[in-house]
Amino acid sequence: MKIDLEKKGDPRVFARINDKARIDASNLHYRELNAMVKEAASEGVKTMEIHNVFGQRYIGSGVRQPVHIDIYGVPGNDLGAFMDGPTIITHRNAQDGVGNTMNSGTIVVNGRAGDIVAMGMRGGQIFIRESVGYRAAIHMKEYFKHKPVLIIGGTTQDFLGEYMAGGVVVVLGLTKGEKEVKHQARHIGTGMHGGAIYLRGEVDDRNLGKGVSKVPLDEKDRDVLRDCVEGYVSYFGGDADEILSSHFTKLAALSHRPYGGLYAY
Amino acid sequence: MLRQHQIRDDKDFSGCSIFGMINLEGKKVDGAPIIKAIANMKERSNGLGGGFAAYGIYPELSDLYAFHMMFDDERARVETEEFMCASFYMEKAEIIPTRPHRGVSDPPLLWRYFLLPREELLDGEAEDDFVVRAVMHINERIEGAFVFSSGKNMGVFKGVGYPEDIARFFLLDEYEAYTWVGHGRFPTNTQGWWGGAHPFNILDWSVVHNGEISSYGINVRYLEMYGYKCTLHTDTEVIAYAVDLLVRRHRLSIEDMSKVLAAPLWEEIDRMPPEERKIHTALRQTYSSLLMNGPFSIIISNNYQMIGLTDRIRLRPLVAGTRGNMVYISSEEAPMHLVDDSIEHTWIPQGGVPIVAELKKKKIVEEPPEMELLREEALP
């Protein structure tokens with residue numbers, strides 16, 4: 001396949017009115033599409049609609065302007081990877097690696113996302129309406145004011161928060177439709193050494209990885225949760241107070257260096 | 001053979017693409033949708049391998065074993081045909097139709113044969129076992145010959161190239177099948193060659209695989225005890241033979257077979273109710289040598305089932321989707337939506353738990369071929 005980075009000149013593919021742009025991605029390779037998005041953002045486009053997206057990877061990757069991007073279709077792996085500022089709204093499911101190492105900005109998924117959501121995420125917010133796959137928030141991290149947040153409306157599969165080093169994960173379990181949710185994911189927080197995971201409802205101790213434990217919530221935790229849940233409700237609807245009235249479980253790392261004695265002593 | 005024309009992979013990392021679709025009522029479609037789906041995941045391929053399995057493509061010869069063959073040269077073909085004629089009734093022999101296609105070069109000689117084991121040679125042996133032995137004999141003993149498909153009313157088409165190019169080379173848009181399975185990329189940790197592309201097949205079992213089987217050595221040694229010869233220099237081959245052994249010969253259910261390939265952890269077995277614990281302990285102990293160690297997501301198919309499975313901790317991606325009578329299994333979500341924009345439900349399967357899609361009727365009743373109808377109409 002020949003990559004043609006000049007397709008932006010084709011009005012059927014790229015149309016711009018003032019600071020709005022509309023892209024038809026039907027026949028675009030991800031490199032063509034992403035070059036277009038990046039160029040448009042640097043030229044002052046503020047909002048973009050991308051239609052007919054089917055599996056194009058890395059959308060929004062490396063974009064540093066606070067543009068608003070609406071995606072119609074199913075974006076490919078590593079949506080918003082390394083991005084620094086944009087808001088991306090997808091109107092269907094997303095694939096693996098949503099927000100991989102993203103720095104700042106917001107990603108909203110109106111559906112389900114795949115495995116390794118928020119992998120190595122460094123800042124910004126990700127809202128997923130429904131559930132996610134394996135290894136959500138793997139090696140998510142934080143640095144002073146850079147604190148990534150991942151909010152999941154449904155549940156997660158195994159290895160949630162694997163090697164997690166920082167940031168906040170909230171799992172609401174709303175799709176289960178129960179007042180008190182029991183999370184079934186196994187090996188939660190394996191190798192976790194920083195950050196916090198909040199689960200609405202309960203989880204068995206045997207589902208937790210080594211190095212993570214349940215800790216009581218304090219007032220600060222309640223504030224964090226309120227911000228997260230209000231953000232979720234603002235995108236997807238629901239009653240924040242009702243959700244917040246449920247029981248939440250907080251998981252935190254026991255040690256900052258769980259394998260310190262294994263590799264270096 | 002073809003093994004001399006090998007292409008180095010130079011550690012070109014990409015994940016394989018796998019895609020499968022089955023119509024549960026046995027309604028057939030041509031190859032266009034699966035070509036579209038697998039081409040959509042081009043990023044996962046690298047041009048060193050592509051292949052497809054199609055079920056229901058030979059309705060007029062559905063009682064015969066369809067052998068798809070690769071030959072290095074005419075000598076290999078003659079030698080193989082001599083062996084075939086001695087062991088089988090040969091109903092039909094023909095060159096597999098292909099058309100030259102950009103991106104597909106140096107194909108071997110490609111032939112197909114429709115065969116039935118000679119009754120007098122069976123001597124009480126099951127036909128399927130006889131066929132497996134014949135396949136192993138050709139692959140191991142006849143220099144430059146390789147059986148890449150040996151099931152009834154189905155066929156594998158594969159080679160070196162991008163899967164969409166391989167599909168066009170084999171004219172797959174002209175075949176109609178109720179189950180299509182496809183794969184893009186190349187054999188794990190080995191050089192790309194025509195026989196090494198996925199799917200791997202024995203009888204009507206086909207396997208496409210994303211990942212790598214690090215237990216290959218012990219799996220091969222175990223399978224050898226049951227007469228399976230691994231000649232293709234790549235790991236996925238063992239899955240095809242393991243499935244044939246477990247399900248066809250040892251009559252395990254698909255669920256139990258999955259628990260052999262992707263066994264539950266011992267600590268999970270310890271927590272099971274006593275009866276279940278007993279079964280899973282027995283499975284792990286009996287078939288410890290068939291445990292597939294390493295990351296994998298696979299699609300296994302036969303004449304009436306399509307099965308998706310990942311390793312128990314899901315180190316490779318797999319998603320599934322349904323709409324009406326269609327079931328899809330794919331490495332990525334997007335291609336399912338691309339081929340079926342109104343797909344109703346998609347989900348991420350649990351690691352080690354199989355998704356089993358099964359035809360509503362085990363045996364597809366084929367429409368009588370057109371020629372037969374014409375003849376009947378011609379009767380007074």
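Predicted model, so just to flag it, every value in this text is computed and none were measured.

K.L.:
I'd like a rundown of the overall build of chain A, residues and numbers included.
P.N.:
Regarding its fold elements, chain A presents four helices and 14 strands. Against the 2.2 N^0.38 benchmark of 18 Å for 265 residues, chain A shows a C-alpha radius of gyration of 19 Å, consistent with a compact globule. With respect to the principal axes defined by its C-alpha atoms, chain A has extents near 55 × 50 × 30 Å. Of all 265 residues assigned to chain A, the portion counted as buried reaches 53%. For chain A, long-range pairs separated by at least 24 residues make up 43% of all intrachain contacts whose partners lie at least 6 apart in sequence.

K.L.:
I'd like to hear about the overall build of chain B, residue by residue, with values.
P.N.:
Tallying secondary structure elements over chain B gives 12 helices and 18 strands in all. The globule rule puts the C-alpha radius of gyration for 380 residues at 21 Å, and the 20 Å found for chain B is close to it. With the C-alpha coordinates of chain B rotated into their principal frame, the extents come out at 70 × 50 × 50 Å. Across the 380 residues in chain B, those meeting the buried criterion constitute 52%. Partitioning the contacts of chain B with sequence separation of at least 6, the portion at a separation of at least 24 is 77%.

K.L.:
Run through the sheet that holds strand S8 (residues 154-159) of chain B, naming residues and quoting values.
P.N.:
Residues and elements named next belong to chain B. Read across the sheet, seven strands follow the order S8-S3-S10-S1-S16-S15-S17 without closing on themselves; strand pairing throughout is antiparallel. Since the sheet does not close on itself, it has two edges, and those belong to S8 and strand S17 (345-347), each with one partner. Direction aside, the axes of adjacent strands within the sheet are offset by 10 degrees on average. Packed on one face of the sheet, helix H1 (residues 32-40) meets strand S1 (17-23), strand S3 (50-55), strand S10 (179-184) and strand S16 (326-330) and runs near 155 degrees to S1.

K.L.:
Can you lay out the interface of chain A and chain B for me, pointing to particular residues and giving the numbers?
P.N.:
Each side of the interface is counted separately: chain A has 15 residues, and chain B has 18 residues. Among the residues making up the side of chain A that touches chain B, the classes are represented as four nonpolar, seven polar and four charged.

K.L.:
With reference to specific residues and values, describe the nonpolar core.
P.N.:
It is characteristic of soluble globular proteins that their nonpolar side chains tend to be buried jointly. Counting residues in each nonpolar core, the largest one holds 189 residues, and the members touching the most others are Val117(A), Ala118(A), Leu150(A), Val170(A), Ala242(B) and Val243(B). Examining the composition of this core, we find that nine residues originate from one element, helix H7 (residues 237-249) of chain B, more than from any other. When we break this core down by domain, the ones giving at least three residues each are domain 1 (1-72) and domain 2 (93-263) of chain A. If we ignore the near neighbours within four places in the chain, the residues touching Ala242(B) are Asn219(B), Leu223(B), Leu261(B) and Leu290(B).

K.L.:
For the sheet that holds strand S13 (residues 296-301) of chain B, give the residues involved together with the corresponding values.
P.N.:
All names here are of chain B. The five strands lie next to each other as S11-S12-S13-S14-S18, forming an open sheet whose pairing is antiparallel. Either end of the sheet is taken by a strand with one partner, and the two such strands are strand S11 (200-202) and strand S18 (355-358). Across the sheet, the axes of successive neighbouring strands diverge by a mean angle of 15 degrees, strand direction being ignored. As paired strands, S11 and strand S12 (residues 205-211) are joined by three bridges and run antiparallel to one another.

K.L.:
Can you explain the domain arrangement of chain A? Please cite residues and give values.
P.N.:
If you check the domain split of chain A, you get domain 1 (1-72) and domain 2 (93-263). Centre-to-centre, using C-alpha coordinates, domain 1 of chain A lies 30 Å away from domain 2 of chain A.

K.L.:
Got a sec to walk through H7(B)? Specific residues and values, please.
P.N.:
All names here are of chain B. Across its 13 residues, H7 extends 17 Å between first and last C-alpha, which sits within 8% of the 18 Å expected from 1.5 Å per residue. In terms of burial, H7 is largely enclosed, as 11 of its 13 residues are buried. By the burial criterion, the buried members of H7 are Glu237, Val238, Ile239, Ala240, Tyr241, Ala242, Val243, Asp244, Leu245, Leu246 and Val247. Against S11, S12, helix H6 (216-224), helix H8 (254-261) and S13 lie the buried residues of H7.

K.L.:
Could you give an account of the packing of H7(B) against H8(B), with specific residues and numbers?
P.N.:
All names here are of chain B. The N-to-C vectors of H7 and H8 enclose an angle of 135 degrees; their axes lie 10 Å apart at closest approach. As summarised for this structure, H7 and H8 are arranged oblique, according to the angle between their axes. As for the relative orientation of H7 and H8, their crossing is right-handed in sense. Contacts between H7 and H8 pair Ala242, Val243, Leu246 and Val247 from the former with Ile254, Met257, Val260 and Leu261 from the latter.

K.L.:
Can you tell me about helix H4 (residues 127-141) of chain B, naming the residues and giving the values?
P.N.:
Two residues of an α-helix separated by three or four positions point the same way, owing to the 3.6 residues in each turn. Residues and elements named next belong to chain B. Between its terminal C-alpha atoms H4 stretches 21 Å, which fits the 21 Å expected from 15 residues at 1.5 Å a residue. Buried residues of H4: Val131, Val132, Ala134, Val135 and Ile138, and no others. What you see down the axis of H4 is that its buried residues fit within an arc of 160 degrees, all on one side. Facing away from the buried side of H4, by more than 90 degrees, are the exposed residues Glu140 and Arg141. Considering only its buried residues, H4 is in contact with strand S4 (65-71), helix H2 (74-87), strand S6 (109-117), strand S7 (145-149) and S11.

Calculation rules
Residues numbered from 1 in each chain as written. Chains lettered and ligands numbered in written order. Predicted model: local features only at pLDDT ≥ 70, side-chain atom pairs only at ≥ 80, totals over all residues. Helix = DSSP H or I, 4+ residues; strand = E, 2+ residues; numbered from the N terminus. Rg over C-alpha atoms; globule rule 2.2 N^0.38 Å. Buried ≥ 20, exposed ≤ 12 C-beta atoms within 10 Å, placed from the backbone. Contact = placed C-beta atoms within 7 Å. Pairing = 2+ DSSP bridges. Axes fitted to C-alpha atoms, helices over the stretch in contact; angles between N-to-C directions. Nonpolar A, V, L, I, M, F, W, Y, C, P; charged D, E, K, R; others polar. Core = buried A, V, L, I, M, F, W, Y, C linked by C-beta atoms within 7 Å. Domains from an automatic or database assignment. Expected span 1.5 Å × (residues − 1). Parallel < 35°, antiparallel > 145°, perpendicular 65-115°, else oblique. Left-handed = near helix turned anticlockwise from the far one by under 90°. Arc of directions from axis to C-beta.

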